[in-house]
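So you can see what is in the structure, the chains are spelled out below.
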Amino acid sequence: MAPIHGRLWDVFATHIPKTLAAAALVLGAAGAAQAQYAPPPPLQPFPGFLNDWMRKQNPYLANWDIGGSARLRYEVKENAGFTAAGSGADFRKGGADNDNAYFMDKVLARVGYTDKWWSFLIEGRSSGTTGDDRNPNAESDGPAELHQAWFTFGNHKEFPVSLKVGRQELSYGDERLVGAFAWNNIGRVFDAVKVRWQNSGFSVDAFTSRIVLPDDNNFNMGNDYNLFSGAYLTTKKIPKNTAEFYFLSRNDGPGSATANAGSFPPFEVPAPFARDIYTIGLRFKSNPGELGNWDYTLEAAGQFGNWKSTATSPRQDQEAFAVSLNAGYTFNETFGTPRIALEYAFASGDSDPTDNKHETFDNLYPTNHKFYGYMDLLSWQNIHDVRPIITMKPHPRLSVALEGHLFWLADTHDRLYNVAGLPRGGTAATPGTGFGINPNYSSFVGGEIDLLAGFNVTKFASLEAGYGHFFRGDYLKQTWSAIGSQDADWCYLQTLVRF
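What comes next is a walk through the structure.

### Thoughts on the packing of aromatic side chains
- Taken as a whole and judged by the stated rule, the model has 32 aromatic pairs.
- When the centroid spacing of 5.3 Å and the interplanar angle of 5° are considered together, the rings of Tyr232 and Tyr246 count as stacked. Of this pair, Tyr232 sits in strand E9 (residues 226–235) while Tyr246 sits in strand E10 (residues 241–252); the two residues are 14 residues apart in sequence, bridging distant segments of the chain. Tyr246 shares its class with Tyr232; the two are buried.
- An aromatic cluster is present here, built from Tyr172, Phe190, Phe207, Phe228, Tyr232, Tyr246 and Tyr365 joined pairwise through their rings.
- Sitting above the plane of the Trp380 ring, Arg176 keeps its charged end 5.6 Å from the centroid.

Right, dumping it as structure tokens:
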């Protein structure tokens, strides 16, 4: 296949007219799609066409929320990010089809109502793909699906406790461990019960849930072999900071990986084995403007419990940890108010797969697209990631980001994990013929560079575009030294219309 920079014109000339035509067809649809790289906020709030009309007719209709959005995206991936089963042929040169180009559409439509003491939301979703070579397809979920359906009871202005029950998104912190994964064409929801205590000093969520598994052309059901629970406390009592403390419990039975065998379980169940893993963590984030031009976010987490690699293997004790730090400076008096930042993320790997300890950090249910390269090749597992970031807004409607990454394995006795948390290759040594455990290889995986831009066309429509290139490091070159390897490319064009 020709290099991506030589194919861009052909790709866009062929497919962008189709994208724009499809956008016209869904202008009457509704939903709440999101992109992970966000364009600047609209110049004025937009509640939605129907909401705006109803509130002008009768102010009492403001209790209703009827609206949504449609998101259309065209992506091209070359040499990596396509092969299923852990992306075991990523970066291979020849002998494997690692190229894919496809169009995705995601439409969400919602109806909600808020009263003094209670509220509800029902949200439907349609997620489809065209031209996608993946089979099974991790981003297609039939013509219509129930995305969210929840009910709340409580009013924190009157009483500190509230209750939320039903199918819902869970999102905490920056979504490094628990997120809605909105970049994905399906997203992530849970069948959950959540109790919230909130007062002037702090708030705390306590929840228990089962993850909902996508099942293309069938009604999506929760994984009966999975239980995900936790408590998440947030306070602003520390001067100039928001502090968060959490305890998360992930319990998967042996049947979790095949709970929905007709769909694509490895995509939403990050590893096909049982585990009882408990995560304790904290996150500190500077409040906007309270450190002058500086800002920072720090998160650290440790894990204990146990882990089972196969149905016949003994359980291993979970002993893992992870940390991330992002520090930035914004030039408020400079054109475009550029922000320059540096981020470091580390997650432990397993030093010996044959002992009684499992030291690979479990990434849980994150939105990894935000953090470890927009090409979606890696996760917060067995990794060092150094990430320089430059962002700016040269126009109130336009935002631009240039980011880089340098990746190293935390431990060469462990494997390289893809964006879904699956290990590439098995535990056997594979000298030059593929992914596996090769302790004598270099730890330097490679580097990635990403350029993204977002533009608000109107108060209800935005455009995004991005390009990424992954430069192979010595680890990837050694992985395919007997066959040959090559760098990877990725690009996308996206439009989002809110209704």
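The discussion continues.
### So, unusual backbone geometry
- Even without a glycine there, the phi angle at Phe91 is positive, about 75°.
- Tracing the chain through its elements places Phe91 in the loop between helix H3 (84–87) and strand E2 (100–114).
- Although it is not a glycine, Phe181 adopts a positive phi angle of roughly 50°.
- In this structure Phe181 comes out as buried when scored by relative accessible area, which is 11%.

### Regarding the pairing of strand E18 (residues 444–456)
- The sheet contact formed by strand E17 (residues 398–408) and E18 spans 11 bridges and is antiparallel. Paired with Val400 across the bridge in E18 is Ala453.
- Bridging between E18 and strand E19 (residues 461–472) involves 11 bridges; their strand directions are antiparallel. When the bridges of E19 are listed, Leu452 appears paired with Gly466.
- Where E18 folds back on E19, the antiparallel hairpin that results is connected by four residues.

### Section: the nonpolar core
- In this structure, Phe91, Leu177, Trp380, Leu416 and Phe470 are the most contacted members of the largest nonpolar core, which totals 46 residues.
- Each residue touching Phe470, except ones within four places of it in the same chain, is listed here: Phe91, Met375, Leu377, Leu378, Phe407, Val445, Gly446, Gly447, Glu448, Leu476, Asp487 and Ala488.

Parameters at a glance
- Residues numbered from 1 in each chain as written.
- Predicted model: local features only at pLDDT ≥ 70, side-chain atom pairs only at ≥ 80, totals over all residues.
- Heavy atoms only, no water.
- Phe/Tyr/Trp six-rings, centres within 6.5 Å; stacked < 30°, edge-to-face > 60°.
- Helix = DSSP H or I, 4+ residues; strand = E, 2+ residues; numbered from the N terminus.
- Buried < 20%, exposed > 50% of the residue type's maximum accessible area, 1.4 Å probe, protein only.
- Lys NZ or Arg CZ within 6 Å of the ring centre and 35° of its normal.
- Pairing = 2+ DSSP bridges.
- Core = buried A, V, L, I, M, F, W, Y, C linked by side-chain atoms within 4.5 Å.
- Contact = heavy atoms within 4.5 Å.

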